[in-house]
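Structural characterization, general
Spelled out from the first residue to the last, the chains are:
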Amino acid sequence: MSYTKELLEKDQVKLTFDVPEADWKAALDESFNKNKNKFSVEGFRKGHVPRKVVERVYGIGVLFDDALDIAMQKEYEAALEAEKDIIPVDQPEVQITAISDATLKFTAVIQNEPTVKLGAFTGLEFKKDKVKVTATEIKAEVDKAIEQAGAWEDIKDRACEKGDKVIIDYSGSIDGVKFDGGTAEKQPLELGSNTFIPGFEDQVVGMNIGDEKDITVKFPEDYGAKELAGKEAVFAIKLHEISHKNTPAYDDEFVKDVSEFNTVKEYEADIKKHITEEKEKQAEQKLENDMIEKIASLATVDVPECMIKNQAADMVNEFEYGLMYRGLKAEDYYKYMNTSKEKLMEQYHDTAKKNVLYRLVLKAIMKQVEIPVSDEDIDEAIAKMAEDAKMPVEDFKKNVNEEYKNYIRNDIITTKLFDYLKNNNTIN
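First, a word on scope: everything that follows refers to the structure included in this document. (Residues numbered from 1 in each chain as written. Predicted model: local features only at pLDDT ≥ 70, side-chain atom pairs only at ≥ 80, totals over all residues. Heavy atoms only, no water.)

Regarding the pattern of salt bridges
A complete count under the given rule lists 28 salt bridges for this structure. Here Arg 51 makes a salt bridge to Glu 55, at a shortest N to O gap of 2.7 Å. A residue pair is termed a helical-turn pair when its members lie 3 or 4 positions apart in one helix, as Arg 51 and Glu 55 do in helix H2 (residues 51-58) at four residues. As a salt-bridge pair, Lys 128 and Glu 284 come within 2.5 Å of each other at their nearest N and O atoms. With a gap of 156 residues between them, Lys 128 in the loop between strand E5 (125-126) and helix H4 (135-149) and Glu 284 in helix H7 (residues 264-297) connect regions that are remote in the sequence. (Salt bridge = Lys/Arg side-chain N within 4 Å of Asp/Glu carboxyl O. Helix = DSSP H or I, 4+ residues; strand = E, 2+ residues; numbered from the N terminus.)

Written out as structure tokens, the structure is:
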């Protein structure tokens, strides 16, 4: 390994490599052995063409592609192993400056992790939101439980009302021409849910089973499908079924049926406890966000655009994975929303920059503040995870490899770091 290092502007490093002749020739040998079965020369069996013949017929350059990958990767990795202060945050920009059967020289410009100059991160003042649970919030949870416990009952003797669920056929047209996605049969619709176009559900209200009618609605100006946005449409409706949800009375008997408690008072006390815990978590999360935002604003760091783009790409990939998990295709979503992956990347840019900045600042603080993590800390975290997963600890541990342990260790470090910040700043 032979190279020189040059520090450039904006945390870039240029490594200039002069690969030893023996190493370059070894890479060419490896390339030939890897590809020898691909060469065909008259008079020789495939895979048995001598190297000198291959070089004469095809030219030695035929071995360069794989040899370059082999030699440059070895040189680059060895240099990074020796240069502990270089932490690449993107693929290097590589340029070959000389190449022959005995010579390989190349440069690699590396975007190094940016230097963070911390400002104050202790002795600051922060405010934590006070947690309060209102009667309205408790009632909302009770109402949700009552709604979930309700049972749908078919209605035959009256017209449909808001709150009913109906089964309808509909067929939409604009200026007498049907449009894609505007027709469905036996479609369930809960009246008052506002899941259809504004005005649609209101005009279904009052229909009886077997009724047919035309209703007129206007698509919103910002509707996802551009060809429909702002246009007036007529829907032919036929109503097949009406059902209404009957909900139980809210009393001690209801509480016994839906929970482990015996009285309304106990049940509501438990609801208040869970809401309080959730709000405490949210208040802690907001406090931590406020802390890192303030500390980052006092730091000096030039976040490279490549790190922002990589972070934005990760966010887009996570979003697309979420769509896939819900059974949706990303390309269908982009088409329906009249957007694209590139536009979504642009929308994520500022958030991605903030995420990268916060990560760099936290890492810089960790370098100044020693955060010990013991084996006992990791064992406690694994035990908690096993408990949450309702699994025996030993069974859970079978799925914990070294990579997962590192994830747990980093999570513990982050938690302890924020504990340090909370203990060394004023929280009102």
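Observations regarding the nonpolar core
Among the nonpolar cores identified, the biggest contains 38 residues, and Val 116, Leu 118, Phe 121, Ile 295, Val 361 and Ile 365 are the most heavily contacted of them. Elements with a minimum of two residues in this core: H7, helix H8 (305-325), helix H9 (330-336), helix H10 (341-368) and helix H13 (402-423). The contacts of Val 116, once residues within four sequence positions are left out, are Ala 299, Thr 300, Val 301, Leu 360, Val 361 and Ala 364. (Core = buried A, V, L, I, M, F, W, Y, C linked by side-chain atoms within 4.5 Å. Buried < 20%, exposed > 50% of the residue type's maximum accessible area, 1.4 Å probe, protein only. Contact = heavy atoms within 4.5 Å.)

A closer look at the sheet that holds strand E1 (residues 3-7)
Here we have four strands laid out as an open sheet, ordered E1-E2-E4-E3, and antiparallel in their pairing. Either end of the sheet is taken by a strand with one partner, and the two such strands are E1 and strand E3 (93-99). Within the sheet, the average angular offset between the axes of one strand and its neighbour, ignoring direction, is 15 degrees. The pairing of strand E2 (residues 12-19) with strand E4 (residues 104-111) spans eight bridges and is classified as antiparallel. By the bridge assignment, Lys 14 is partnered in E4 with Val 109. (Pairing = 2+ DSSP bridges. Axes fitted to C-alpha atoms, helices over the stretch in contact; angles between N-to-C directions.)

Looking at the packing of aromatic side chains
This model, assessed by the stated rule, comprises 17 aromatic pairs. With a centroid separation of 5.8 Å and an interplanar angle of 45 degrees, the aromatic rings of Trp 24 and Phe 64 are classed as tilted. Of this pair, Trp 24 sits in helix H1 (residues 21-35) while Phe 64 sits in helix H3 (residues 64-82), and the two are 40 residues apart along the sequence. By relative accessible area, which is 14% here, Phe 64 ends up buried. (Phe/Tyr/Trp six-rings, centres within 6.5 Å; stacked < 30°, edge-to-face > 60°.)

Some words on the layout of surface pockets
Considered as a void within the structure, the largest pocket measures approximately 460 Å³ in volume. Residue lining of the largest pocket: 20 residues in total, with Asp 180, Gly 181, Tyr 223, Leu 228 and Tyr 336 positioned closest to the centre. Elements with a minimum of two residues in the lining of the largest pocket: strand E8 (177-190) and H9. Its residues placed into classes, the lining of the largest pocket shows eleven nonpolar, five polar and four charged. If you add up the space inside the second largest pocket, you get close to 340 Å³. Gln 285, Glu 288, Asn 289, Ile 292, Asn 355, Tyr 358, Arg 359, Leu 362, Lys 363, Met 366, Thr 414 and Phe 418 are the residues that line the second largest pocket. Elements supplying a minimum of two residues to the lining of the second largest pocket: H7, H10 and H13. Broken down by element, the lining of the second largest pocket gets its largest block of residues, six residues, from H10. When grouped by side-chain class, the residues that make up the lining of the second largest pocket number five nonpolar, four polar and three charged. (1 Å grid on protein atoms, 1.4 Å probe; cavity = no way out; pocket = protein on both sides within 12 Å on 5 of 7 lines; lining within 4 Å. Points joined across faces, edges and corners; volume = space filled by probe spheres on them. Nonpolar A, V, L, I, M, F, W, Y, C, P; charged D, E, K, R; others polar.)

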